[in-house]
Amino acid sequence: MQAHRKLWLALIAVIVLSFATLGYFGREIYRLKPPIPQQLVSADGQVLASAADIQDGQNVWQSIGGQEVGSIWGHGAYQAPDWSADYLHRQANFMLNLWAEREDGQAFESLSSERKAALESRLRAELRRNTYDEASGNISISADRALAYQALAGYYGSIFGKEEEFTSEAAALADGGMSLSRIRESYAIPRDSIPDPERRAKLSAFFFWAAWACITERPESSVAGTSIGNSTPGVTYSNNWPPDRQLGNVPTGSIVLWSMLSIILLIAGVGALVWNHARQKQEEALSPPEDNPLKSLVLTPSMKATLKYFWVVAALFLAQVGLGVLTAHYTVEGNGFYGFPLAEILPYAVTRTWHTQIGIFWIATAWLATGLFLAPAVSGYEPKYQKLGVNTLFGALLVIVVGSMAGTWAGVMQKLGYSANFWFGHQGYEYVDLGRFWQLFLFAGLFIWLGLMAAALWPALMKPSQNRSMLWLFTASCVAIASFYGAGLMWGQHTHLSMAEYWRWWVVHLWVEGFFEVFATVAIAFLFVRLGLIRAVSATASVLFSTTIFLAGGILGTFHHLYFTGTPTSVLALGAVFSALEIVPLSLVGFEAFENLRLSRQRDWLAQYRWPVFFFVSVAFWNLVGAGVFGFLINPPVALYYMQGLNLTPVHGHTALFGVYGMLGIGLMLFCLRALKGQKDWNPRWLAASFWCLNIGLAMMAILSLLPVGILQAMASVEHGMWFARSAEFLQTPLMENLRWLRVPGDIVFGLGVLFLAWFVLGLESGHSYASERVAASQTRSSGKLAQARLKP
């Protein structure tokens, strides 16, 4: 470790300083979060809602799917509205029409421009004024706003209830006069999804509070905040999100300023990294061994026991894609599947939850199984009872998958009470939807995995070698994977939404996108060192350097998810700067891809690893496109201000989550299967077909459907507001429906890729994935020609 002392010190400094900053500003988020009132009181003294009503309403929202059915503050699904933006719009419409009818005897839209402007100015003044009283803990609202509150309770109650038609008052709140059944279909919300009227009333109270935080100015904002193009200088709890010019929600000066600085820092960071790469002395290329070093690898019982993990990976991948097809279909036929009323037993909120959760399950399973396979291979040591531990963990993972899926279904179908849903049902937070019991079960499972990894690696950690630094980094990433999932246990049943979002992104960003990536980087380096393709010393230096650069932006880059979740401007500034720095390392992924290809062509025997390496190359490509291009598209605050909660987010999500982490999981799985089932040469036909179908299908679904839908939504958000970009009125136009149908070609191609991969994995057991002697001889000749024409380093 002495040889890499400076790199270790740099890495430790980055981690300590970053987490200290993350913790400090987490305290600031807690201190400055939007208050939940003890009571919501009208001007005439009527108590409209209590703190318990709002908190219970949040639990009702979670139980129906939460962020899997519509969104709050821009976080969640894209099918139903953003409920906070939607509530603001309908509340404004109600009050403007109430005043116009009362004072002018006609609808608001019939008034003159001057009169409209006067009423809109009055509306902004009323809605943006902060009437929270710290002494009593109450929020007071005018009698007219109280009327809007009651009318909206009836409107949302109708959507989630069993009525066949709107009441006349509720119908007036529907955009374009849409019928109740048409709105439910557009939102993919089944009839009577919340049977209890009291629950529906509490849900509406929660929607009011979420919208209140979006339009109410912070007490200190009249001095500290400024807006551009608006006479109202205040800044709301949500940093003026969602965009709605009519209500005075426009980008603040801070949003514009930090967006510009983030772009400047990105350019500077890329330039510095490229200069550093150019000035480094390129060491002489290592000549790979003449024969496969893994040929003599002795498979231990625990290593063989990991094989069933990869069968489950293939099965879960198939299930996830099937659920993804069904979920995508619900966007055009909200409550049915080609006429069959499937949503009555399997609604959109359930299929989307299962789709996202199973995606995380199979990717994580592939990575965890890779670790269990690599640990004895690296150390050459098989601890006692290691196989029993691997089998026990496998059983635990199956229980978690089946149990959590059953719980989320029961929660969405309203079969659980508030507490039971929190513990065993649907928590409503995207990517961490599973109930607290299943979270604890998974947390315990991760520590079992950590124990198995540590037991196998310990002898190698204690033994001086060139790999020792990399082994310690590998072990540290394992500790981080096990422990950082614990951030998902930091919120409770009634935790404030701002704090729940803070901790949720610790899991989604730091656990999934952060330390799993470090683990994968080290795992790939170990594989290449073990194959004799790179030197251990240079691999260690490269991994330490890249990890330091990645975490320097990645840890504090967590804040870019929290721009508009009731956080102060300082969080927005940090998120803008460090999320831009996250993109910097991606500028060199082309070198990584080229080097992987070059290494794979240097010996005949390396043809056996051609397709696993190709999947690693695709990881580099999607890292640049999905995480880099599409990620930075929505990263700057001013961009995300208009795009958060629109279909440009799933463009980034699909191309980065599957394109990077999914492809990486497949590549790692194939490397392990090569050792586990590599007695014969593979027939690469199914792998080649899978590789190209997966990559082409992913590109098609992004470019043909998600991207154009997202661009049109962004234009609508800029011109009219977030409420319109997410509205049924806009999304159900023929153009938008046709664009959503264009998901089908890409989905078909992608689905074929999954089928080909599953068929190949199955064929390793049945025999149809192995090459005949004639094909094997042909492959040997082809790989010999490739080796002769190897790429220059």
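Here the structure is shown first, and the text comes after it.
Cut-offs applied
- Residues numbered from 1 in each chain as written.
- Predicted model: local features only at pLDDT ≥ 70, side-chain atom pairs only at ≥ 80, totals over all residues.
- Heavy atoms only, no water.
- Helix = DSSP H or I, 4+ residues; strand = E, 2+ residues; numbered from the N terminus.
- Rg over C-alpha atoms; globule rule 2.2 N^0.38 Å.
- Buried < 20%, exposed > 50% of the residue type's maximum accessible area, 1.4 Å probe, protein only.
- Lys, Arg positive; Asp, Glu negative; His and termini not counted.
- Charge placed at Lys NZ, Arg CZ, Asp CG, Glu CD.
- Expected span 1.5 Å × (residues − 1).
- Phe/Tyr/Trp six-rings, centres within 6.5 Å; stacked < 30°, edge-to-face > 60°.
- Contact = heavy atoms within 4.5 Å.
- Polar contact = N/O pair within 3.5 Å; in protein donor to acceptor, adjacent residues only side chain to side chain.
- Axes fitted to C-alpha atoms, helices over the stretch in contact; angles between N-to-C directions.
- Parallel < 35°, antiparallel > 145°, perpendicular 65-115°, else oblique.
- Pairing = 2+ DSSP bridges.
- Patch = residues over 30% accessible without salt bridge, like charges linked within 9 Å, V, L, I, M, F, W, Y side chains within 5 Å.
- Areas by Shrake-Rupley, 256 points an atom, 1.4 Å probe, with all protein chains shown as cover.
- Salt bridge = Lys/Arg side-chain N within 4 Å of Asp/Glu carboxyl O.
- Core = buried A, V, L, I, M, F, W, Y, C linked by side-chain atoms within 4.5 Å.
- 1 Å grid on protein atoms, 1.4 Å probe; cavity = no way out; pocket = protein on both sides within 12 Å on 5 of 7 lines; lining within 4 Å.
- Points joined across faces, edges and corners; volume = space filled by probe spheres on them.
- Nonpolar A, V, L, I, M, F, W, Y, C, P; charged D, E, K, R; others polar.

Caption draft 1: Layout of the overall build of the chain. Assigned secondary structure in the chain consists of 30 helices and six strands. For the chain, the C-alpha radius of gyration of 28 Å lies close to 28 Å, the compact-globule estimate for 793 residues. In terms of overall dimensions, the chain has C-alpha extents of about 90 × 55 × 45 Å along its principal axes. By the burial criterion, 61% of the 793 residues in the chain qualify as buried. The chain carries 54 positive and 52 negative side-chain charges, and their two centres are separated by 15 Å.

Caption draft 2: Seen up close, helix 20 (residues 569-583). Over its 15 residues, helix 20 runs 22 Å from end to end, which matches the ideal 21 Å to within 8%, given 1.5 Å per residue. Of all 15 residues that make up helix 20, eleven are buried, and the element is covered over most of its length. Of the residues making up helix 20, those classed as buried are V571, L572, A573, L574, G575, A576, V577, S579, A580, E582 and I583.

Caption draft 3: Spatial organisation of the packing of aromatic side chains. Evaluated as defined, the whole model comprises 63 aromatic pairs. Ring plane angle 70° and centroid distance 5.8 Å describe the contact between F564 and Y641, whose orientation is recorded as edge-to-face. Placement of the pair is F564 in the loop between helix 19 (536-554) and helix 20 and Y641 in helix 23 (residues 637-643), with a sequence separation of 77 residues. For the pair formed by F564 and Y641, the shared burial category is buried. Note on W686 and W759: the rings are 6.5 Å apart at their centroids and 80° apart in plane angle, and the pair reads as edge-to-face. Of this pair, W686 sits in helix 25 (residues 685-719) while W759 sits in helix 29 (residues 743-766), placing them 73 residues apart in sequence.

Caption draft 4: Inspection of unusual backbone geometry at higher detail. Cis geometry marks the peptide bond from W241 to P242; its omega dihedral reads 5°. Relative to the helices and strands, P242 is located in the loop between helix 9 (221-224) and helix 10 (253-279). Despite not being glycine, Y338 shows a phi value in the positive range, around 55°. Within the secondary structure, Y338 sits in the loop between helix 12 (307-330) and helix 13 (348-379). Judged by its relative accessible area of 60%, Y338 is exposed.

Caption draft 5: The arrangement of the environment of K308 in detail. For K308, the location among the structural elements is in helix 12. We classify K308 as partly exposed; its relative accessible area is 26%. Sequence separation between K308 and A369 is 61 residues, and the spatial gap between their C-alpha atoms is 9.3 Å. With residues up to four places along the chain from it excluded, the contact list for K308 reads N391 and F394.

Caption draft 6: Molecular detail of the side chain of T216. Mapped onto the elements of the fold, T216 is located in the loop between helix 8 (197-215) and helix 9. On the accessibility criterion, T216 (0% relative accessible area) is buried. Within the structure, T216 has its side chain in polar contact with the backbone oxygen of W212 (distance 2.7 Å).

Caption draft 7: Just the packing of helix 28 (residues 734-741) against helix 29, in detail. Orientation of helix 28 relative to helix 29, taken along the N-to-C sense of each, is 10°, at an axis distance of 5 Å. Considered as vectors, helix 28 and helix 29 are oriented roughly parallel to each other. The residues of helix 29 that touch helix 28, namely those facing L739, R740 and W741, are R743, V744 and P745.

Caption draft 8: Inspection of the pairing of strand 1 (residues 39-42) at higher detail. In this structure, strand 1 lies alongside strand 2 (residues 47-50), joined through three bridges in antiparallel fashion. Considered in strand 2, the bridge of L40 is made with A49. Linking strand 1 to strand 2, which pair antiparallel, is a turn of four residues; within it G45 sits at a positive phi near 90°. Summarising the sheet, strand 1 and strand 6 (residues 138-141) pair through four bridges and their orientation is parallel. The partner of V41 across the bridge, within strand 6, is S140.

Caption draft 9: Just a nonpolar patch on the surface, in detail. On the surface, L318, F337, Y338, F340, W741, V744, I748, L752 and L755 cluster together into a nonpolar patch covering about 840 Å² of accessible area. When residues in the nonpolar patch are grouped by element, the largest group, four residues, is from helix 29. Its location among the elements puts V744 in helix 29.

Caption draft 10: Here's a closer look at the nonpolar core. Membership of the largest hydrophobic core comes to 252 residues, with the highest contact counts inside it found for W83, Y155, I159, F207, F317, W367 and F559. No other element matches the 25 residues that helix 18 (residues 497-530) contributes to this core. One finds L266, L273, A580 and I583 within the second-largest nonpolar core, a separate group that totals six residues.

Caption draft 11: Fine view of the sheet that holds strand 1. Spatial strand order, 2-1-6-5: four strands in an open sheet with mixed pairing. Of all strands in the sheet, those with a lone pairing partner are strand 2 and strand 5 (132-133), marking the two edges.

Caption draft 12: Region of the structure containing the side chain of R124. Relative to the elements of secondary structure, R124 occurs in helix 4 (residues 113-128). Within the buried set, R124 has no salt-bridge partner at all; the shortest N-O distance to an opposite charge, 4.7 Å, is to E120. Sequence-distant contacts of R124, defined by excluding residues within four places in its chain, comprise R245, Q246, L247 and G248.

Caption draft 13: Highlighting empty space enclosed by the protein. Tallied over the full model, the rule gives five cavities of 30 Å³ or more. Taken as a whole, the largest cavity holds about 180 Å³ of empty space. For the largest cavity, the lining is made up of 19 residues, of which I360, F361, A364, L442 and W511 are closest to its centre. Breaking the lining of the largest cavity down by element, the ones donating at least two residues are helix 13, helix 14 (386-412), helix 16 (436-462) and helix 18. When residues in the lining of the largest cavity are grouped by element, the largest group, six residues, is from helix 13. Of the residues that constitute the lining of the largest cavity, the class distribution is 17 nonpolar, two polar and no charged. Approximately 90 Å³ is the volume found for the second largest cavity. The set of elements that each furnish at least two residues to the lining of the second largest cavity consists of helix 13, helix 18 and helix 24 (648-676).

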